[in-house]
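Residues per chain are reported as follows:
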Amino acid sequence: MAGGDTEPRTEPFSEPQRLEKLRELVSLGIDPFGHRFTGITHHAEEIAAHCDDLAGQAVRIAGRVRAVRLHGGSCFLDLHDESGRIQVYVRKDAVGDASFRLLDLLDLGDFLGVDGTVFRTRRGEPSVDATSFVPLAKALRPPPEKYHGLQETELRYRYRYLDLMANPEVRRIFRQRTAIVQAFRRTLDARGFLEVETPVLHHQATGAAARPFETHHNALDLDLSLRIALELHLKRLLVGGFERVYEIGRVFRNEGISTRHNPEYTLMECYQAYGDREDMMDLTEALVRESALAALGQTRFTYRGEEFDVGEPWRRVTFAQAIRDHGGPDIDKLRAEEDWRGVAREAGVDSAQPITKLMDDLFEHYAQPHLRQPTFLLDHPAAMSPLARAAADPRYALRFEPMIAGMEIGNAYTEQNSPLAQREAFEQQANERQRGDAEAHPLDEDFLFALEHGMPPTGGLGIGIDRICMLLLDAPNLREVILFPLQRPRA
RNA sequence: GCGCGCGUAGCUCAGCUGGUAGAGCAGCUGACUCUUAAUCAGCGGGUCGUAGGUUCGAGCCCUACCGCGCGCACCA
């Protein structure tokens, strides 16, 4: 992926005229790619919003030219900067003949620096009456169409810069995403969590049930995997004596792509010593509430036409209860694996697959689509939760998954801190792996070595940042909240 | 991976029952000193995703491949 996913296309330029104009600029002694432009006083949005207060005031602005309306001896330009659009009025009388002729060398997409005074046109449009302007950077290709923008999904993702250039709502989405991430940091920092960074290159990808990407270190001649979770390194830090840690980082899962999945995605994981999953439920409510407030200014939001509110305490329901509630079997009555396979057959769920997958399928079959409002799904079967402590009934784990709109947005445990129980759970997973469950957790001897030095009782939580963004920002598709989603190289 | 759909000018899109490629924006030339999807007059622009096939003739029908989207599968 280094260097982007497309071949550079330098030839032929779609606009040979632009190259010609570039040469003319050079012949006039103007650097077509400009230089430092200091002393910018305002953004477009400020001028538009405070036009009357600023009227008559000298301003210096810079941005990209998105429209040119030439009227012989005068010209209107639409200049776009990060904040929005402002109109620039250039009169030959004001800037002089030589400067005015530079407009002939200007193309849509070029960057321009402008000095001028704020005024409102007769039609009421906030504008800057230019006293001078300077070309700052030439664009050799045209920007997307000014009215319809860039519509084709493939082009929007592949050339996200064009999408950002053309579609202001896309810029808004990614500002809101940043606001959400900042809300996570602010909330965690305020509660005394220490932000840390742990390795992306792992000897063994553990901490979740997923297939990893494999890579290789040449100098050490060492096979490595990209991480699939942050969990086991963060827990090592609790062994080391940090009491509250978190990381917001990219994880990589070598699996299919869908509206809800991207091979790399951003995960927040945090761990709180002397806590348990109860603390993590409080924290989840706070993180999601603060995210909504940061991005939307309120706790209510609409996702795909459905109303949600993350301002209230979330509903709680156990894994078993959720299945019962929606017409499924009473799994509390199940003892042996064969019992599970029996109810799976009745439900029409694949009964021959690995047992953890089967359990998950039963839940998805009966309950998951019905868990709409913010809900903590509690007490998953212990077999599918090898990193969590067992509940009073050892068939279940002290675990929860926060769910909104039928979608899992995270995962949390009262963490397993007994090295003995952890080893047992890993061995059980190894068993499952031998029986054909390719995604069972591998045994991590190095992590067990750490646990054997003692880890305090701990509550741990992971939340998928992209999923939260998708929900809060009403994105139909995870890729809408990822700047550069993975795409195949173009033919 | 499987199924369905899409791919026409730089962008947004038309293109009928198979008859030899269109519009708007963008570009170029000219006019215009308060326009704003500026306007007016004129001009240029296409391996119709790629490669085969059927046909007198294919943007259109068939096959394969490439890319994208959606659904399923896998996962969060």
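Keep in mind that this is a model prediction, so the values were computed, not measured.

J.: Where do I start with helix H1 (residues 16–27) in this structure?
T.: Owing to its 3.6 residues per turn, the α-helix brings residues three or four apart onto one side. Compared with an ideal rise of 1.5 Å per residue, which puts 12 residues at 16 Å, H1 spans 17 Å between its outermost C-alpha atoms and is within 8% of the ideal. Residues of H1 that are buried include every one of Arg18, Lys21, Leu22 and Leu25, and no others. Axial view of H1: buried residues confined to an arc of 105°, hence all on one face. A positive phi of about 80° marks Gly29, the residue just after H1.

J.: Any chance you could explain the protein's contact with RNA strand B here in plain terms?
T.: In the vicinity of RNA strand B lie 56 residues, with Asp93, Lys146, His261, Lys357 and Asn477 positioned nearest. Taking all atoms of RNA strand B within 4 Å of the protein, the share assigned to sugar and phosphate is 61%. At 2.4 Å, a side-chain N or O of Arg479 approaches a phosphate oxygen of RNA strand B. Elements with a contribution of two residues or more to the surface near RNA strand B: H1, strand S1 (58–70), strand S2 (74–81), strand S3 (84–91) and helix H6 (153–158). Examining the composition of the surface near RNA strand B, we find that five residues originate from one element, H6, more than from any other. Looking at the surface near RNA strand B residue by residue, the class counts come to 15 nonpolar, 18 polar and 23 charged.

J.: Could you clarify how one ought to interpret the sheet that holds strand S7 (residues 201–202) in this entry?
T.: In any sheet, the strands associate via hydrogen bonds between backbone groups, in a parallel or an antiparallel arrangement. A sheet is described by the order of its strands in space; here three strands give the open sequence S7-S9-S8, paired in antiparallel fashion. Each having just a single partner strand, S7 and strand S8 (214–217) make up the two edges of the open sheet.

J.: It is not clear to me how the nonpolar core should be interpreted in this structure. Could you clarify?
T.: Within soluble globular proteins, side chains that are nonpolar generally end up buried alongside one another. Within the largest apolar cluster, 45 residues are counted, with the highest numbers of intra-cluster contacts made by Met268, Cys270, Ile404 and Leu461. With sequence-adjacent residues up to four places away left out, Ile404 is seen in contact with Val288, Phe301, Phe308, Val310, Trp314, Leu371, Arg372, Pro374, Ile409 and Leu471. Counting residues in each nonpolar core, the second largest holds 26 residues, with Ala44, Ile61, Cys75 and Leu112 among its members.

J.: I tried to follow the domain arrangement of chain A on my own but got confused; where do I start?
T.: If you check the domain split of chain A, you get domain 1 (16–143) and domain 2 (165–326 + 367–481). A separation of 48 Å is found between the C-alpha centroids of domain 1 and domain 2. Facing the four residues of domain 1 at the interface are four residues of domain 2. Across the contact surface, domain 1 and domain 2 share one salt bridge. Arg175 is the partner of Glu82 in a salt bridge, and the nearest nitrogen-oxygen pair spans 3.6 Å. The interface formed by domain 1 and domain 2 holds two residue pairs in polar contact (both at pLDDT 80 or more) in total. Each residue belonging to the side of domain 1 that touches domain 2 can be placed in one class, and the counts come to one nonpolar, no polar and three charged.

Analysis parameters
Residues numbered from 1 in each chain as written. Chains lettered and ligands numbered in written order. Predicted model: local features only at pLDDT ≥ 70, side-chain atom pairs only at ≥ 80, totals over all residues. Heavy atoms only, no water. Helix = DSSP H or I, 4+ residues; strand = E, 2+ residues; numbered from the N terminus. Expected span 1.5 Å × (residues − 1). Buried < 20%, exposed > 50% of the residue type's maximum accessible area, 1.4 Å probe, protein only. Arc of directions from axis to C-beta. Near = heavy atom within 4 Å. Polar contact = N/O pair within 3.5 Å; in protein donor to acceptor, adjacent residues only side chain to side chain. Nonpolar A, V, L, I, M, F, W, Y, C, P; charged D, E, K, R; others polar. Pairing = 2+ DSSP bridges. Core = buried A, V, L, I, M, F, W, Y, C linked by side-chain atoms within 4.5 Å. Contact = heavy atoms within 4.5 Å. Domains from an automatic or database assignment. Salt bridge = Lys/Arg side-chain N within 4 Å of Asp/Glu carboxyl O.

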